[in-house]
Amino acid sequence: MSGISMDLSPAQTVIILDFGAQYTQLIARRVRECHVYCELLPYDTPLPVLRERRPVGIILSGGPPSVYERGAPQVDPSIYGLGIPILGICYGMQLMAQQLGGRVVPGEQREYGRSDLEIQRGDGLFSGLPDRLVAWMSHGDRVEAPPPGFEALARSANSPVAAMGNRARRLFGVQFHPEVTHTPWGSELLRNFLCRECGCEPSWTMGSFLRDAVAAVRDQVGNGRAVCALSGGVDSAVAAALVHRAVGDRLTCVFVNHGLLRSGEPESVRQTFAEHFRIPLVYVDAAQRFLERLRGVTDPEEKRRRIGEEFIRVFEEEAHRLGEVRFLVQGTLYPDVIESGPGHAATIKTHHNVGGLPERMHLRLIEPLRWLFKDEVRALGEELGLPEEIIWRHPFPGPGLAIRVVGEVTGERLEILRHADAIVMAELRASGYYQRLAQALVVLAPVRSVGVMGDQRSYAYPVILRAVTSEDFMTADWARLPFDLLERLSNRVVNEVPGVNRFLYDLTSKPPATIEWE
Ligand code: XMP
């Protein structure tokens with residue numbers, strides 16, 4: 001794919017080497033919350049590549065349960081000789097201990113959850129922290145003796161070396177997870193590592209990112225023209241606003257209404273863009289085309305494929321009408337970049353919506369958000385002056401309501417779902433719960449059941465509410481909504497939406513379920 005590599009890394013970059021722990025992304029977020037820029041790289045990134053990034057510090061993430069596992073991931077031990085401060089977390093610490101000659105013993109029992117730490121060296125990493133603190137552990141092996149030249153910095157009941165350090169070489173390890181909120185002083189510890197040991201200035205802010213990104217886009221687009229597909233969601237809106245700030249009206253946005261949007265959505269997106277951005281916007285009503293392409297299709301991935309393909313056709317037609325366009329702006333986020341990187345798990349769902357476009361149209365990609373997490377994109381949106389209703393909007397999938405009408409998508413089913421969705425969203429907003437949820441949606445199941453309404457037998461569809469809390473959408477928990485709110489939702493949906501006679505609440509977390517039903 002012809003893309004432009006937008007290197008926005010500031011002078012001070014910290015590298016996190018990812019050994020595959022569930023919490024690695026959290027480490028990155030915490031580092032950035034300290035206003036220090038960081039990037040995640042696979043643990044086996046070759047040393048020369050690592051050196052090229054000129055990191056001022058390296059963090060080794062957690063990972064598999066044991067350094068004794070067959071094929072347990074390793075880093076090139078010369079990393080410890082680079083003279084760059086390194087902090088190993090959990091598996092990262094055990095690996096450091098093992099590679100540098102310490103004693104790591106296989107644990108018979110996992111130490112999991114809350115643990116009380118006793119700090120033995122209250123300076124350096126633990127500067128300004130209390131002598132005793134609560135930390136969150138999740139490990140089997142433990143370090144019994146630190147490597148030569150290291151000293152134990154903290155201990156817990158089950159970990160004689162819960163933290164270790166070699167001050168001269170600026171190498172450190174902690175057995176617990178400072179990145180999780182269950183370790184209340186974790187952010188301070190990370191800040192000590194970054195600022196005291198790595199010499200980082202806390203200067204990476206959304207303001208500085210925006211300045212650099214605008215300059216980089218301006219540089220790359222030059223006198224060319226760019227086009228951006230708007231979805232109405234926060235990512236494409238922020239990407240468009242940023243690029244518009246850089247190149248002005250040489251950016252045109254295209255908003256394709258595929259007829260699978262929420263009630264009132266096409267109008268509100270058009271209005272918001274006209275009012276707030278003054279970016280040239282092409283609006284295409286292609287609802288009928290998409291519905292025809294979806295006729296008879298029940299398989300979720302086939303729906304995505306057809307929608308993606310049709311989207312490309314429509315978009316291509318519009319872009320040709322615009323004349324000479326060389327760049328395509330996409331709101332790709334950092335988690336997508338990480339997940340599609342090497343070593344990542346099987347595709348559960350194909351999420352890309354405009355995949356295929358850049359090659360077909362010979363467009364070069366501009367992805368100004370590819371280094372940012374969702375919450376950072378929202379902060380950037382605020383920096384750009386985007387309205388709150390866009391910034392705090394729940395994510396909405398590219399294939400829209402098509403993947404919420406389980407089974408075949410028909411005009412009638414879409415209408416039922418849209419109606420139920422509008423009621424649910426209005427009630428969630430009125431109750432203040434919308435802002436507290438990561439995402440809420442309704443699903444129409446392709447079954448019908450018997451009910452009794454006003455002395456009449458009904459035979460109609462159930463509507464299922466899915467409301468989740470989540471930090472990163474990779475895992476999610478069902479939201480504990482109050483019963484009276486659920487009751488109100490149920491009453492309104494069943495009474496007001498023709499074709500529906502039951503209201504269900506989905507009590508499944510992710511995993512094992514996903515957030516969407518398809
Ligand atoms: P799942 O269902 O995989 O969803 O737990 C995680 C997040 O991704 C969104 N999602 C999609 N977004 N195209 C998108 O642009 C898709 O095909 C798609 N499928 C799921 C989902 O809404 C949730 O926020």
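What you see is a predicted model; the values in this text were computed from it and never measured.

**Thoughts on the packing of aromatic side chains**
- Tallied over the full model, the rule gives 11 aromatic pairs.
- Both rings, one in Phe 255 and one in Tyr 283, keep their centres 5.7 Å apart while their planes meet at 45 degrees; by these two values the pair is tilted. Residue Phe 255 is found in strand S13 (residues 251–257), and its partner Tyr 283 is found in strand S14 (residues 281–285); the two are separated by 28 residues along the sequence.
- The class of Tyr 283 is partly exposed, set by a relative accessible area of 25%.
- Ring-pair connections join several aromatic residues into one group, and the members of that group are Phe 19, Tyr 43 and Tyr 91.

**Things to note about the sheet that holds S13**
- Here we have five strands laid out as an open sheet, ordered S14-S13-S12-S15-S16, and parallel in their pairing. With partners counted over all chains shown, the strands left at the sheet margins are S14 and strand S16 (364–366), one partner each. With strand direction ignored, the average angle separating the axes of adjacent strands in the sheet is 25 degrees.

**Focus: the domain arrangement of the chain**
- For the chain, the assigned domains are domain 1 (13–197), domain 2 (206–391) and domain 3 (404–505).
- Placing a centre on the C-alpha atoms of domain 1 and another on those of domain 2 gives a separation of 38 Å.
- In this assembly, domain 1 packs against domain 2 so that about 810 Å² is buried in total across both faces, 51% of it on carbon and sulfur atoms.
- Counting the surface domain 1 buries against domain 2, the share from its top three residues, Gln 25, Arg 29 and Arg 32, is 56%.
- There are two salt bridges connecting domain 1 and domain 2.

**Concerning unusual backbone geometry**
- Each neighbour pair has its own omega, and for Lys 510 with Pro 511 the value is -15 degrees, a cis peptide bond.
- With respect to the secondary-structure elements, Pro 511 resides in the segment after strand S21 (500–505).
- In the Ramachandran plot, His 35 falls in the positive-phi region, its phi being about 65 degrees despite a non-glycine side chain.
- Structurally, His 35 can be placed in the loop between helix H1 (24–33) and strand S2 (37–42).

**Section: the nonpolar core**
- Of all hydrophobic cores here, the largest spans 134 residues; its most connected members are Ile 59, Phe 126, Leu 251, Leu 380 and Leu 481.
- What Leu 251 contacts, discounting residues up to four positions off in sequence, is Ala 226, Val 227, Cys 228, Ala 240, Val 243, His 244, Ile 279, Pro 280 and Val 329.
- Within the second largest apolar cluster, 26 residues are counted, among which are Ile 58, Val 67, Ala 72 and Ile 84.

**Some thoughts on the packing of helix H5 (residues 206–221) against helix H12 (residues 374–383)**
- Contact pair H5 / H12: the axes reach a minimum separation of 9 Å and the direction vectors enclose 75 degrees. Here H5 is positioned roughly perpendicular relative to H12, judged by the angle of their axes. On H12, the residues touching Met 206, Gly 207, Phe 209 and Leu 210 of H5 are Glu 376, Ala 379, Leu 380 and Glu 383.

**A short note on helix H7 (residues 265–277)**
- Between its first and last C-alpha, H7 extends 17 Å over 13 residues, near the 18 Å set by a 1.5 Å rise per residue.
- Those residues of H7 that sit buried are Glu 265, Pro 266, Val 269, Thr 272, Phe 273 and Phe 277. All buried residues of H7 lie within an arc of 135 degrees about the axis, which places them on one face of the element.
- The inward-facing, buried residues of H7 abut strand S12 (226–230), helix H6 (234–247), S13, S14 and helix H13 (388–391).

**Concerning the packing of helix H14 (residues 411–431) against helix H15 (residues 483–496)**
- Packing of H14 against H15 leaves a shortest axis separation of 10 Å and a crossing angle of 150 degrees. On the basis of the axis angle, H14 is roughly antiparallel to H15. Viewed along their axes, H14 and H15 form a crossing whose handedness is right-handed. For the pair H14 and H15, the contacting residues are His 419, Ala 420, Ile 423, Val 424, Glu 427, Leu 428 and Ser 431 in the first and Leu 485, Arg 488, Leu 489, Arg 492, Val 493 and Glu 496 in the second.
- Grouping the constituent residues of the contact of H14 with H15 by class yields seven nonpolar, two polar and four charged.

Procedures and definitions
- Residues numbered from 1 in each chain as written.
- Predicted model: local features only at pLDDT ≥ 70, side-chain atom pairs only at ≥ 80, totals over all residues.
- Heavy atoms only, no water.
- Phe/Tyr/Trp six-rings, centres within 6.5 Å; stacked < 30°, edge-to-face > 60°.
- Helix = DSSP H or I, 4+ residues; strand = E, 2+ residues; numbered from the N terminus.
- Buried < 20%, exposed > 50% of the residue type's maximum accessible area, 1.4 Å probe, protein only.
- Pairing = 2+ DSSP bridges.
- Axes fitted to C-alpha atoms, helices over the stretch in contact; angles between N-to-C directions.
- Domains from an automatic or database assignment.
- Buried area = accessible area lost by both parts, 1.4 Å probe.
- Salt bridge = Lys/Arg side-chain N within 4 Å of Asp/Glu carboxyl O.
- Core = buried A, V, L, I, M, F, W, Y, C linked by side-chain atoms within 4.5 Å.
- Contact = heavy atoms within 4.5 Å.
- Parallel < 35°, antiparallel > 145°, perpendicular 65-115°, else oblique.
- Expected span 1.5 Å × (residues − 1).
- Arc of directions from axis to C-beta.
- Left-handed = near helix turned anticlockwise from the far one by under 90°.
- Nonpolar A, V, L, I, M, F, W, Y, C, P; charged D, E, K, R; others polar.

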